[in-house]
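# Breakdown of the fold
So you can see what is in the structure, the chains are spelled out below.
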There are 2 protein chains.
Amino acid sequence: MMTSDGIRDKGGIVLIGAGNLAVNLGLALHRKGYSVRQVYSRTEEAARTLAERLSADHTTSPEQICDDAGLYIVALKDSVLTELIPQITAGRPDALFVHTAGSMPMDVWAGHARRYGVFYPMQTFSKARPTDFGGIPVFVEANGADDLSLLRSLAQDLSGRVYVFSSEQRRLLHLAGVFACNFTNHLYAITEELLAAHGIPFEVMLPLIDETAAKVHGLSPREAQTGPAVRYDLNVIGKHLDLLADRPEMQQLYRLLSESIHRISENN
Amino acid sequence: MMTSDGIRDKGGIVLIGAGNLAVNLGLALHRKGYSVRQVYSRTEEAARTLAERLSADHTTSPEQICDDAGLYIVALKDSVLTELIPQITAGRPDALFVHTAGSMPMDVWAGHARRYGVFYPMQTFSKARPTDFGGIPVFVEANGADDLSLLRSLAQDLSGRVYVFSSEQRRLLHLAGVFACNFTNHLYAITEELLAAHGIPFEVMLPLIDETAAKVHGLSPREAQTGPAVRYDLNVIGKHLDLLADRPEMQQLYRLLSESIHRISENN
């Protein structure tokens, strides 16, 4: 059985991409002693900055991606990934290729590479905020049993939560993550905007935000629900809709979310 | 200047209501050595259970609410509050009355009582989950300076975050809290439902939920945003909408929230 030492021995890692995920994953690998040899990005500045932090080379030209790495980790926007796959794989018949996209099936590699898989750390990464990789769930998949073992070992070196998931499961996971993270964060943004319009600092909301997240560690979200919509308090709901009269987009969201909460609670 | 000792000395506290907020507030007062003398609730079981935990009397009849308490804390649904105010205030000209409702103006008391105010702890309370009151923001308001000092001292005995807010500000705060808490929790509920339909446990999402909340302690929500909507990745968005084809309500929410994220990010 191969282990992640296979990657350490066999030519190190090339990181293709220098966005939020690539930066955080690259730094985590570097901290764990993996050799990230080269960083590719279309943006010179991004490639160089990340490469320097990883003591790696960098390039902005796909032709100059080095040929003899053991593992190519491709962390790009989906459309760019699809476009670059033929170039990245050409002339590298023995290398292992993975992408990091929750929404892309593993078989985007099929027909281009012999050994391939997926390495999907599910987290919201920002360059401005360093991430502790230890608690991040990592979902791996590979087209061969040895490479699956290898990716799993690599993931286990970085995180205590490693799962083998199919492309089908991961696709669903990614969709659910948009609700749990991106849409939730957008509700925080709406909150901030509402408060700012009345000179109230966003910080007053942090204890409520924290408790809302902490609560669902112990209670299911349905059990944890409180507030006017689940009580079906039409008096309060009506007042809130009035307050949003000059913000039709927020008003529509308020109405839709309240109706949805009420429907779910009735089905309990 | 009066302090919260005024409440300890002057006949103690009557708690009107035995719901999620009343239970958590009652227990916090009890732990801090305040005498909660009596609990009123329309529901015998709820009144008795809470009264026992507070070593208090209980009643289900508004006529039997004791006359000589120093402070009456009314933690009821808005519609019930309005209905009960005349009964609660009648024959108690010297008592101080507060309600705990974010959405109700202070002046619901006007014409019924001489001394009144608001004591609004902004948190999502569930009976099943005991709350540490220490970090909860408490917003107070009163119609007299002495009573404002008294309520502020009481709040400071329970929490390190006490604010004097007007009814107008609190109304906005309550609306913003619905977005930050109730609607956020509903997104968690949708997440759970999507995952459950594919046999994936909700727990895998907790690190993402926690980090999404933790991030906005340091970054503003707009800066913290990630994912397909802010990247305007129409490829991923289209796939997600397809995945939700048999769930029109979630699909509508997905579309609306994504459009809203995109619009906000363009205005940056």
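Reference entry: report on the structure contained in this document. The model shown is predicted, which means the values in this text are computed figures rather than measured ones.

### Concerning the pairing of strand 5 (residues 96-99) of chain A
All names here are of chain A. Going residue by residue along strand 5, you find Leu96 and Val98 tucked away on one face and Phe97 and His99 tucked away on the opposite face as well. Each parallel crossover has a hand, and the one from strand 4 (residues 71-74) via helix 4 (residues 78-89) to strand 5 is right-handed. Of the strand pairs in this sheet, strand 5 and strand 6 (residues 115-121) are connected by four bridges, and their pairing is parallel. Bridge pairing in strand 6 links Val98 to Gly117.

### Digging into the pattern of salt bridges
Note that side chains of opposite charge can pair when their charged atoms are close. All names here are of chain A. Evaluated as defined, the whole model comprises 26 salt bridges over all chains. Where Glu141 meets Arg170, a salt bridge forms, and the shortest distance between an N and an O atom there is 2.6 Å. With Glu141 in strand 7 (residues 138-142) and Arg170 in helix 6 (residues 167-196), this residue pair connects regions lying 29 residues apart in the sequence. Across this residue pair, the class does not change: Glu141 and Arg170 are buried. Three or more residues joined by partner-sharing salt bridges are found here, namely Glu44, Glu45 and Arg48.

### Focus: the nonpolar core
Of all hydrophobic cores here, the largest spans 125 residues; its most connected members are Leu173 and Phe179 of chain A together with Leu173 and Phe179 of chain B. Those residues within four positions of Leu173 of chain A in sequence are excluded, and the remaining contacts are Tyr120, Met122, Phe139 and Phe165 of chain A together with Leu195, Ile200, Val204 and Met205 of chain B.

### Observations concerning the sheet that holds strand 5 (residues 96-99) of chain B
Residues and elements named next belong to chain B. As summarised here, the arrangement of the eight strands in space is 3-2-1-4-5-6-7-8, forming an open sheet in which the pairing is mixed. Among the strands making up the open sheet, the edge pair consists of strand 3 (57-59) and strand 8 (162-164). Across the sheet, the mean angle separating the axes of adjacent strands is 20° when strand polarity is ignored. Of the pairings in the sheet, the one linking strand 1 (residues 13-16) to strand 2 (residues 36-40) comprises four bridges and is parallel in character. The residue of strand 2 that forms the bridge with Ile16 is Tyr40. Contacting strand 1, strand 2, strand 4 (71-74) and strand 6 (115-121), helix 2 (residues 20-31) runs over the sheet at an angle of about 160° to strand 1.

Calculation rules
- Residues numbered from 1 in each chain as written.
- Chains lettered and ligands numbered in written order.
- Predicted model: local features only at pLDDT ≥ 70, side-chain atom pairs only at ≥ 80, totals over all residues.
- Heavy atoms only, no water.
- Buried < 20%, exposed > 50% of the residue type's maximum accessible area, 1.4 Å probe, protein only.
- Helix = DSSP H or I, 4+ residues; strand = E, 2+ residues; numbered from the N terminus.
- Right-handed = clockwise from strand over helix to strand, strands pointing away.
- Pairing = 2+ DSSP bridges.
- Salt bridge = Lys/Arg side-chain N within 4 Å of Asp/Glu carboxyl O.
- Core = buried A, V, L, I, M, F, W, Y, C linked by side-chain atoms within 4.5 Å.
- Contact = heavy atoms within 4.5 Å.
- Axes fitted to C-alpha atoms, helices over the stretch in contact; angles between N-to-C directions.

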